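As a plain string of letters, each chain reads:
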Amino acid sequence: MKPPVFDYHRPGTVAEALAVLAELGHQGKVLAGGQSLVPLLNMRLAAPAHLVDVNRLGELDEVTSDAGAVRVGALARHARVEHDREAFAAIPLLRQAIGDIAHPTIRNRGTVVGSLVHADPAAELPAVLVLLGGTMELARAGNGGRRQVAAADFFVGPLESALHPGELATAAVFPRSPAGTGSAWVEVARRHGDYAICGVGVLVTLDQGLRVEAARAACISVGPVPVPIDLTDALGGKPHDAADWAAAGRLAAAAVDPEDDIHATAAYRRHLAGVLTTRATRAAAAHAAQRAEAAR
Ligand SMILES: Cc1cc2nc3c(=O)[nH]c(=O)nc-3n(C[C@H](O)[C@H](O)[C@H](O)COP(=O)(O)OP(=O)(O)OC[C@H]3O[C@@H](n4cnc5c(N)ncnc54)[C@H](O)[C@@H]3O)c2cc1C
């Protein structure tokens, strides 16, 4: 399969990229790692007249961690974030989830920000950004051309984000969770490296007495966008090693509204959301207790 004909642009700076994107408007499409866009082009499911390759924008190739957040620039590949020690120490969920994205060769090339803009409802990172309450940084040419969009507003539908034509996503900001928080990512896929039939990320925050203070999940592949679920009602106040994890699973199963498709029935996906949430909450609470122990 070969892609339809397109004009190719390779700007050397962010300013140049924004100028080209502004001129092209609806006709232009950003090319980052190409791990989602190139298959779509080859299968003729997308036919942009112009591709704007951002791989020379070295200024966007950065991962920084500070007291508040991990900021991932638009050229940082999945593998870079997965193996970044500071990012892992700040937000273990990033590595936990990225390890389930495709295969190492794809993670060497695909970008975190590209995955977020692509907004696949089966992708791990949109759920991670939603779960952590993160934001996307977007830029366009001209004065006042920068804006930040909260994750809850960024994912609009399957393969649809709040990015406007002519805009470039420059970074994603993943906030740190409060002290006492542990995390887990679990998923089921037909084959290792495939998109998940269902996946669940969980954050559990423990108080000083190692009881659950708050618990949240985000599920993928069970709706058009990641589904955030507050599990605190099921687990709040319970000991970190003896809560009713299955109650959290039941809450999650009731909260999702999947549809049948060629890969699985809606009932099976709902079942998985429950089972995986049960497992992930137990694992995240154990992780939180382990981190609390290490911090003493
Ligand atoms: C076999 C295979 C298996 C995969 N399995 C998984 C999986 O299990 N989980 C998963 O999450 N992903 C999976 N992927 C997708 C992979 O993670 C991609 O890397 C990612 O979805 C897109 O990142 P990219 O940098 O390659 O973006 P590209 O393919 O270059 O672009 C994707 C889309 O985002 C837009 N875009 C990219 N960057 C920007 C930007 N900075 N500003 C504005 N628009 C931008 C593009 O215009 C395009 O519309 C898989 C891919 C393959 C080929």
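Residues numbered from 1 in each chain as written. Predicted model: local features only at pLDDT ≥ 70, side-chain atom pairs only at ≥ 80, totals over all residues. Heavy atoms only, no water.

Caption draft 1: Inspection of the site of the ligand at higher detail. Lining the immediate environment of the ligand, one finds 30 residues, of which Val 30, Gly 34, Gln 35, Leu 37 and Thr 111 sit closest. Secondary structure elements with two or more residues in the shell around the ligand: β2 (28-31), α7 (112-118) and β10 (168-175). Residue contributions to the shell around the ligand peak at five residues, all from α7. (Near = heavy atom within 4 Å. Helix = DSSP H or I, 4+ residues; strand = E, 2+ residues; numbered from the N terminus.)

Caption draft 2: Local environment of the sheet that holds strand β6 (residues 135-139). If you trace the five strands from one edge of the open sheet to the other, you get β4-β5-β10-β6-β7, paired in antiparallel fashion. Two strands close off the open sheet at either side, each with one partner strand: β4 (63-65) and β7 (146-150). When strand polarity is set aside, the average angle formed by the axes of neighbouring strands in this sheet is 20 degrees. Here strand β5 (residues 69-73) pairs with β10 via five bridges, running antiparallel. The residue of β10 that forms the bridge with Gly 73 is Ala 171. Where helix α1 (residues 14-24) meets the sheet, its contacts fall on β6, β7 and β10, and the angle it forms with β10 comes to roughly 120 degrees. (Pairing = 2+ DSSP bridges. Axes fitted to C-alpha atoms, helices over the stretch in contact; angles between N-to-C directions. Contact = heavy atoms within 4.5 Å.)

Caption draft 3: Structural context of the side chain of Thr 281. Relative to the assigned elements, Thr 281 resides in helix α12 (residues 266-295). Those residues in contact with Thr 281, other than ones at most four positions away along the chain, are Val 202, Val 204, Leu 231, Leu 235, Trp 245 and Ala 248.

Caption draft 4: Quick peek at the sheet that holds strand β14 (residues 227-230). The four strands are arranged β11-β12-β13-β14 in an open sheet whose pairing can be described as antiparallel. Strands with a single pairing partner mark the edges of an open sheet, and in this sheet they are β11 (181-188) and β14. Strand-to-strand twist of the sheet, defined as the mean angle between neighbouring strand axes without regard to direction, takes the value 15 degrees. Of the strand pairs in this sheet, β11 and strand β12 (residues 198-206) are connected by eight bridges, and their pairing is antiparallel. Pairing of Val 188 across the sheet is with Cys 198, part of β12. Contacting β11, β12, β13 (212-220) and β14, helix α8 (residues 124-132) crosses the sheet at an angle of about 150 degrees to β13. Taken strand by strand, α12 contacts β11, β12 and β13, and its axis lies near 35 degrees from that of β12.

From the geometry alone we can't say anything about function, so treat these as descriptive.
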